[in-house]
Amino acid sequence: MLARNRWLTALATLLIVPMIPAALTAQEGGKCDAINDGSPFQLKGAQSYIIFIADPGKKGNETPKHMKSATALLTTEPEKIKNEPGRNFLLLRLYSAWLGTDAPFIANRGTLGYTTDVGGNQNLLMAIDTIATYLEKNVPQCK
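Everything numeric in this text was worked out from a predicted model, so none of it was measured.

### Let's talk about the overall build of the chain
Then, in step 1: When you go through the chain residue by residue, the secondary structure sums to seven helices and two strands.
Then, in step 2: Its helices and strands taken in sequence order, the chain reads α-α-α-α-α-β-α-β-α from the N to the C terminus.
Then, in step 3: A total of 143 residues make up the chain; the buried ones form 38% of that total.
Then, in step 4: Within the chain, contacts between residues at least 6 apart in sequence are counted, and of these 64% link residues at least 24 apart.
Then, in step 5: Summing over all exposed atoms, the chain offers an accessible surface of approximately 8,100 Å²; the carbon and sulfur share of this is 59%.

Here you go:
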């Protein structure tokens, strides 16, 4: 079963992750500037962690720590973050990054860095689909 989950995770990563940047560009082919992913401070902090994750010179053992920190920033008291499109955009990038690790597509919330319902599970593929649908509806210029 574990090998099957890893295979499915790898397949989903290959199919979904490359589509995310293309999905978030303006219909005319330009860059979408309608999403502010740097404000308020929770988003700026999460953005810094996500940029670190993508850095090819990073130390591999630090990546999960930074991914957990980004998850906590974006999901702890989300009602206080007054920028839902930016929050969702960063969650989309983060969940895609989690799929690029050894995390299964249905992962333990505590392992991902959630501070609530840490014993529960998070389906990363469904979350990516839900977030992409939200962004497509609420920021249509970035479809």
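### Examining the packing of helix α3 (residues 41–54) against helix α5 (residues 84–99)
Then, in step 1: Relative orientation of the contacting elements α3 and α5 amounts to 25°, with a least axis distance of 10 Å. As the angle between them shows, α3 and α5 are arranged roughly parallel. The two elements α3 and α5 meet at a crossing, and its hand is left-handed. Here α3 contributes L43, A46, Q47, I50 and I53 to the contact with α5, which in turn contributes G86, R87, L90, R93, L94 and A97.
Then, in step 2: Residue composition of the contact of α3 with α5, grouped by class: seven nonpolar, two polar and two charged.

### Brief notes about the nonpolar core
Then, in step 1: Among the nonpolar cores identified, the biggest contains 30 residues, and L74, L90, L94, Y95, W98 and L135 are the most heavily contacted of them.
Then, in step 2: Looking at this core, the element that brings in the most residues is α5, giving eight residues.
Then, in step 3: Other than its neighbours up to four places away in sequence, W98 contacts P64, M67, K68, T71, A103, T111, L112 and L124.

### Details of the packing of aromatic side chains
Then, in step 1: Summed over all chains, the structure comprises zero aromatic pairs.
Then, in step 2: The aromatic ring of Y114 is capped on one face by R109, whose charged end is 3.9 Å from the ring centroid.

### A look at helix α7 (residues 124–138)
Then, in step 1: Here α7 spans 21 Å end to end across 15 residues, near enough to the 21 Å set by a 1.5 Å rise per residue.
Then, in step 2: With a side-chain oxygen lying 3.1 Å from the backbone nitrogen of L125, the N-terminal cap of α7 falls on N123.

### A closer look at the environment of L92
Then, in step 1: Tracing the chain through its elements places L92 in helix α5.
Then, in step 2: The class for L92 is buried, based on a relative accessible area of 4%.
Then, in step 3: Note: C-alpha distance between L92 and L124 (32 residues apart in sequence) is 9.3 Å.

### As for the pattern of salt bridges
Then, in step 1: For the structure shown, the criterion picks out three salt bridges.
Then, in step 2: R87 is the partner of E84 in a salt bridge, and the nearest nitrogen-oxygen pair spans 2.9 Å. Taken as a pair, E84 and R87 lie in helix α5 at a separation of three residues, close to a single helical turn.
Then, in step 3: Taking relative accessible area as the criterion, E84 reaches 30% and is therefore assigned partly exposed.

### Concerning the side chain of Q42
Then, in step 1: In this structure, Q42 sits in helix α3.
Then, in step 2: Assessed through its relative accessible area of 10%, Q42 is described here as buried.
Then, in step 3: Ignoring any residue separated from it by four or fewer positions in sequence, one finds Q42 in contact with L73, K80 and I81.

So, how was this worked out
Residues numbered from 1 in each chain as written. Predicted model: local features only at pLDDT ≥ 70, side-chain atom pairs only at ≥ 80, totals over all residues. Heavy atoms only, no water. Helix = DSSP H or I, 4+ residues; strand = E, 2+ residues; numbered from the N terminus. Buried < 20%, exposed > 50% of the residue type's maximum accessible area, 1.4 Å probe, protein only. Contact = heavy atoms within 4.5 Å. Areas by Shrake-Rupley, 256 points an atom, 1.4 Å probe, with all protein chains shown as cover. Axes fitted to C-alpha atoms, helices over the stretch in contact; angles between N-to-C directions. Parallel < 35°, antiparallel > 145°, perpendicular 65-115°, else oblique. Left-handed = near helix turned anticlockwise from the far one by under 90°. Nonpolar A, V, L, I, M, F, W, Y, C, P; charged D, E, K, R; others polar. Core = buried A, V, L, I, M, F, W, Y, C linked by side-chain atoms within 4.5 Å. Phe/Tyr/Trp six-rings, centres within 6.5 Å; stacked < 30°, edge-to-face > 60°. Lys NZ or Arg CZ within 6 Å of the ring centre and 35° of its normal. Expected span 1.5 Å × (residues − 1). Polar contact = N/O pair within 3.5 Å; in protein donor to acceptor, adjacent residues only side chain to side chain. Salt bridge = Lys/Arg side-chain N within 4 Å of Asp/Glu carboxyl O.

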